[in-house]
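What follows is the residue order along each chain.
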Amino acid sequence: MFNRLYIHVPFCVQKCLYCVFISNTPQKNELLDYPVLLIRELQLRTSAASPVASIYFGGGTPSLLQPPQITRLLEGITDHTGIQADAEITLEVNPGTVDGISLKQFRNAGINRISLGIQSFDDCFLKVLGRIHSGYQSRQAFKNAREVGFNNISIDLIHSLPGQSLEQWRTELLHAIELDPEHISIYGLTVEEGTPFARIYPAGSHELPDEDLSADMFELADDLLTGSGFEHYEIANYARPGYRSQHNSSYWMRDGYLGLGVAAHTFLRDGYGVRFSNPDNLKEYRQGLDSGKLVRIDEHQLTLNNAMSEYMFLRLRLSEGVGTQAFEYEFGRSLESVYGSTTTDLVRLGLLIQNGSQLTLTRRGMLLSNQVFSRFL
Ligand code: SF4
């Protein structure tokens, strides 16, 4: 059914101005009690389960949890499902919430991969984004993580920031390369409705880079990072050989995972797959646990057509793309018979490329990936 766990921690020191994730400033004791709720959910949601292959603490700001809370959580998971000996256990870290001591304690607690939300090294941009940390704090957090023994560190960067030039983006990338992380995730800023950013930068705002500049930024990242030995293994992700995110890769491979916590999403490999999420507020989540009746919000049992469609747009995100034999093995019908005319068209448009039996996105296809994926819906 699942062999991975995602744990959502919906608390942040303050809300960043562009943020659409489910997170709030924790009220009294909320942070303290939260791990108890997570373990209760795990016990209620699962009976017999096999040891998990990866655990991902995401948020929100999971580095607001105290290291002993992580220890207790991992002990609870070990007791209930077990954790494979070589499991990847990632903690998303906001650089403004850690120091050398806490990072060492997180490592001792069992975290073996850190994902640092740096976003930018430039203090002016960090202020525009409403981040709580400086570029100096990000560098320090990275150095501290290395010094205490983390040998698998990912960093996140955002481009297409208000007023950002291509040269400023180049400087960000060079700083990132200089730190020498094992993994880099690159996102283009999107201004989402309902955020303070949407009011400050309404549609058509001249301060936001246009599509051409954003595309140049994407291509510059691709050139500089692959030129520095990183493998561009997924549209937004680069890794040193052997350091792909195992947990996130499993999403694109449609492995089953159980999401624990407020607003966490789950995908179980029952039939063609079932997806659901948890309540997106703490009160409702806690009430469900207290009553012993866990609701499944937006539960959706996938049909064969849904599953084939997901398979295409998730696997195409990866550099390996979609193999025609693997597709046939999974669904008992040929890719040609289901999507033949669509893939022929996308190849003709220069968005997909066919290499033997593998179909992959071209660089232009990556830039226009939403348009490509919509063709498989
Ligand atoms: S730290 Fe992340 S989750 Fe928290 S408010 Fe900022 S962007 Fe949102």
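Residues numbered from 1 in each chain as written. Predicted model: local features only at pLDDT ≥ 70, side-chain atom pairs only at ≥ 80, totals over all residues. Heavy atoms only, no water.

**With respect to the domain arrangement of the protein chain**
This is how it is decided: Domain delimitation follows an automatic or database domain assignment. As used here, buried area is the combined drop in accessible area, with a 1.4 Å probe, of two parts when they are placed together. Salt bridges are identified by distance alone: a Lys or Arg side-chain nitrogen within 4 Å of an Asp or Glu carboxyl oxygen. Secondary structure counts use DSSP, requiring at least four H or I residues in a row for a helix and at least two E residues in a row for a strand, with both numbered from the N terminus.
Here the protein chain is partitioned into domain 1 (4-251) and domain 2 (316-374). Here the C-alpha centroids of domain 1 and domain 2 sit 29 Å apart. Buried area between domain 1 and domain 2, summed over both chains or domains, comes out near 1000 Å², and the portion from carbon and sulfur atoms is 55%. Considering only the side of domain 1, the residues that lose the most area to domain 2 are F218, E234 and I235, jointly responsible for 47% of the buried surface there. There are five salt bridges connecting domain 1 and domain 2. With a closest N to O distance of 2.4 Å, D223 and R363 form a salt bridge. Contributions of two or more residues to the side of domain 1 that touches domain 2 are made by helix 8 (211-227) and strand 7 (231-234).

**Some points on helix 5 (residues 135-147)**
Residues lying three or four places apart along an α-helix face the same way, a consequence of the helix completing one turn every 3.6 residues. Threshold: Multiplying one less than the number of residues by 1.5 Å gives the expected span of a helix. Here a residue-residue contact requires only that any non-hydrogen atoms of the pair lie within 4.5 Å.
In a regular helix each residue adds 1.5 Å, so 13 residues correspond to 18 Å; helix 5 covers 18 Å between its end C-alpha atoms and thus fits that length. Of the surrounding elements, those touching the buried residues of helix 5 are helix 3 (100-109), strand 4 (113-119), helix 4 (123-129), strand 5 (153-159) and helix 6 (166-179).

**Details of the site of the ligand**
Short version of the rule: Residue proximity to a molecule or strand is established when one non-hydrogen atom of the residue lies within 4 Å of it. Note on residue categories: nonpolar means Ala, Val, Leu, Ile, Met, Phe, Trp, Tyr, Cys or Pro, charged means Asp, Glu, Lys or Arg, and polar means any other residue, Gly included.
All residues adjacent to the ligand are C12, Q14, K15, C16, Y18, C19, F21, S23, G60, T61, N94 and R131. Within the shell around the ligand, the residues separate by chemical class into five nonpolar, five polar and two charged.

**A look at the pairing of strand 10 (residues 265-268)**
Remember that side chains alternate between the two faces of the sheet whenever the strand is regular. Here is the rule we go by: Pairing between strands requires that DSSP locate at least two bridges from one strand to the other.
Of the strand pairs in this sheet, strand 10 and strand 11 (residues 274-277) are connected by four bridges, and their pairing is antiparallel. Across the sheet, the residue bridging to F267 is R275, located in strand 11. What sits between strand 10 and strand 11 in their antiparallel hairpin is a turn of five residues, with G271 showing a positive phi close to 60 degrees.

**Details of the packing of aromatic side chains**
Note the threshold: Side-chain rings of Phe, Tyr and Trp (the six-membered ring for Trp) are treated as a pair once their centres are within 6.5 Å; stacked means planes under 30 degrees apart, edge-to-face means over 60, and tilted covers the remaining angles. Buried means the residue's accessible area, taken with a 1.4 Å probe over protein chains only, is under 20% of the maximum for its type, while exposed means over 50%, and partly exposed covers the values in between.
Taken as a whole, this structure holds 13 aromatic pairs when the rule is applied. Ring centres of Y18 and F197 lie 6.2 Å apart, and the angle between their planes is 65 degrees; on these two criteria the pair is classed as edge-to-face. With a gap of 179 residues between them, Y18 in the loop between strand 1 (4-9) and helix 1 (30-45) and F197 in helix 7 (residues 196-200) connect regions that are remote in the sequence. By relative accessible area, which is 13% here, Y18 ends up buried. Given the relative accessible area of 0%, F197 is considered buried.

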